[in-house]
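Residues per chain are reported as follows:
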Amino acid sequence: VLIQQGALKAAVALCHEDTKENEEEKEDLEQHVRVHAGHACARMLITTDPRKLSDSTAYSAIRPLLWLCKQFRVLDIIHFEACLALTNLLTLGKDAKRRVAQARGINTLEYLQFSDHKLVQRAATEALTNMVPDPDFLAHLKKKDKMKLWLAFSTDIPEKDDEDSDNKASQE
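Sequence positions are assigned chain by chain, starting from 1 and proceeding in written order. Confidence filtering applies because this is a predicted model: local features only for residues at pLDDT of at least 70, side-chain atom pairs given and counted only at 80 or more, and all residues used for totals across whole chains, interfaces and linings. Hydrogens and water are ignored here; the side-chain numbers use all heavy atoms of the structure.

Q: How would you summarise the overall build of the protein chain if you had to cite specific residues and measurements?
A: Runs of H or I in DSSP of at least four residues are treated as helices and runs of E of at least two as strands, each being numbered from the N terminus. What the protein chain contains, in helices and strands, is 11 helices and 0 strands. Helices (α) and strands (β) of the protein chain occur, in sequence order from the N terminus, as α-α-α-α-α-α-α-α-α-α-α. Within the protein chain, the fraction of its 172 residues that count as buried is 46%. Considering only contacts in the protein chain between residues 6 or more positions apart, those separated by 24 or more positions represent 67%. Using a 1.4 Å probe, the Shrake-Rupley method yields the accessible areas, and only the shown protein chains count as cover for residues. For the protein chain, the accessible area works out to roughly 10300 Å², and carbon and sulfur atoms hold 51% of it. When accessible area is computed with a 1.4 Å probe and restricted to protein chains, residues below 20% of their type maximum are described as buried, those above 50% as exposed, and intermediate ones as partly exposed. Residue contacts follow a heavy-atom distance rule, with two residues in contact if any of their heavy atoms lie within 4.5 Å.

Here it is, written out as structure tokens:
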């Protein structure tokens, strides 16, 4: 219902707002608004079938979600939910994968694989796993150090509750 009423489009629009003034307090407030708008996008997109969205609506959320993943001063739950939303959007196919790759999303998601929080690591790995058919991601994986990283993720000794992420990483 929220998406039908335009909440996703409004949240995406708020995320794209850039601060142009040098007033530090205003910038902090606008940054705060962007983070919460991006988090609202993520929360809506986690449970929404992206095929039911228009292409422009679905694709317009990719950049704000990646921007959110790059923010250092946010809660782990925000990174986790942004990664889940991106994972969901990446099921749309080649165009979504291409947009994530062009927005430097591969490096952003790879960085989150080293988060201190296991669920963020798992969600970032799952999002990257959905990137596998993309030519840019395959070229990224062909780098010797990157392949070693993925092999380490797939062969790491699992903890009791960590079997899902190990299974995801070892499937590819």
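Q: For the pattern of salt bridges, give the residues involved together with the corresponding values.
A: By definition here, a salt bridge exists when the distance from a side-chain nitrogen of Lys or Arg to a carboxyl oxygen of Asp or Glu is within 4 Å. Scanning the model with the defined rule gives 5 salt bridges in all. Put simply, Arg98 and Asp134 hold a salt bridge, and the shortest N to O gap is 3.0 Å. With Arg98 in helix α6 (residues 94-102) and Asp134 in the loop between α8 (118-130) and α9 (135-141), the pair connects residues that are 36 residues apart, well separated along the chain. Its relative accessible area of 26% is what places Arg98 among the partly exposed residues. With a relative accessible area of 3%, Asp134 lands in the buried category. Close ionic contact of Asp136 with Arg98 constitutes a salt bridge, the shortest N to O distance being 2.8 Å. Linking Asp136 in helix α9 with Arg98 in helix α6, this pair joins segments that are 38 residues apart in sequence. Of the residues examined, Asp136 reaches a relative accessible area of 35% and is grouped as partly exposed. Shared partners join several salt bridges into a network, and the residues in it are Arg98, Asp134 and Asp136.

Q: Tell me about the nonpolar core, and please be specific about residues and values.
A: Take the buried Ala, Val, Leu, Ile, Met, Phe, Trp, Tyr and Cys residues and link them wherever side-chain atoms come within 4.5 Å; each set so joined is a nonpolar core. Of all hydrophobic cores here, the largest spans 40 residues; its most connected members are Ile62, Leu65, Leu86 and Phe137. Among the elements of the structure, α2 (24-46), α3 (55-60), α4 (62-69), α5 (76-89), α6, α7 (105-112), α8 and α9 are those that each provide at least two residues to this core. Of all the elements, α5 adds the most residues to this core, at 7 residues. Excluding residues within four positions of it along the chain, Phe137 makes contact with Ile106, Leu128, Met131, Val132 and Trp150.

Q: Could you give an account of the state of the cysteines, with specific residues and numbers?
A: Our working definition of a disulfide is a cysteine sulfur pair at a distance within 2.5 Å. Tallying each qualifying case throughout the model produces 0 disulfides. For the unlinked cysteine Cys69, the closest cysteine sulfur is that of Cys83, found at 4.2 Å. When its relative accessible area of 2% is taken as the criterion, Cys69 is described as buried.

Q: Tell me about unusual backbone geometry, and please be specific about residues and values.
A: Positive phi outside glycine occurs at Arg104, with the angle close to 60°. Relative to the helices and strands, Arg104 is located in the loop between α6 and α7. Judged by its relative accessible area of 57%, Arg104 falls in the exposed class.

Q: Kindly report on the packing of α5 against α8, identifying the contributing residues and their values.
A: Every axis corresponds to a line fitted to the C-alpha atoms, with the helix fit spanning only the stretch in contact, and the corresponding angles, defined between N-to-C directions, vary from 0 to 180 degrees. Relative orientation of the contacting elements α5 and α8 amounts to 20°, with a least axis distance of 8 Å. Taken together, the axis directions place α5 and α8 in an arrangement best described as roughly parallel. Note that α5 runs across α8; the crossing there is left-handed. From α5, Asp76, His79, Phe80, Cys83, Leu84 and Thr87 reach across to α8, where they touch Leu119, Val120, Ala123, Ala124, Glu126, Ala127 and Asn130. In this classification, the charged set is Asp, Glu, Lys and Arg, the nonpolar set is Ala, Val, Leu, Ile, Met, Phe, Trp, Tyr, Cys and Pro, and all remaining amino acids, among them Gly, are polar. Its residues placed into classes, the contact of α5 with α8 shows 8 nonpolar, 3 polar and 2 charged. These descriptions rest on fixed angle ranges, namely under 35 degrees for roughly parallel, over 145 for roughly antiparallel, 65 to 115 for roughly perpendicular, and the rest for oblique. Handedness of a helix crossing follows the sense of rotation of the near helix relative to the far helix, less than a right angle counterclockwise being left-handed and clockwise being right-handed.

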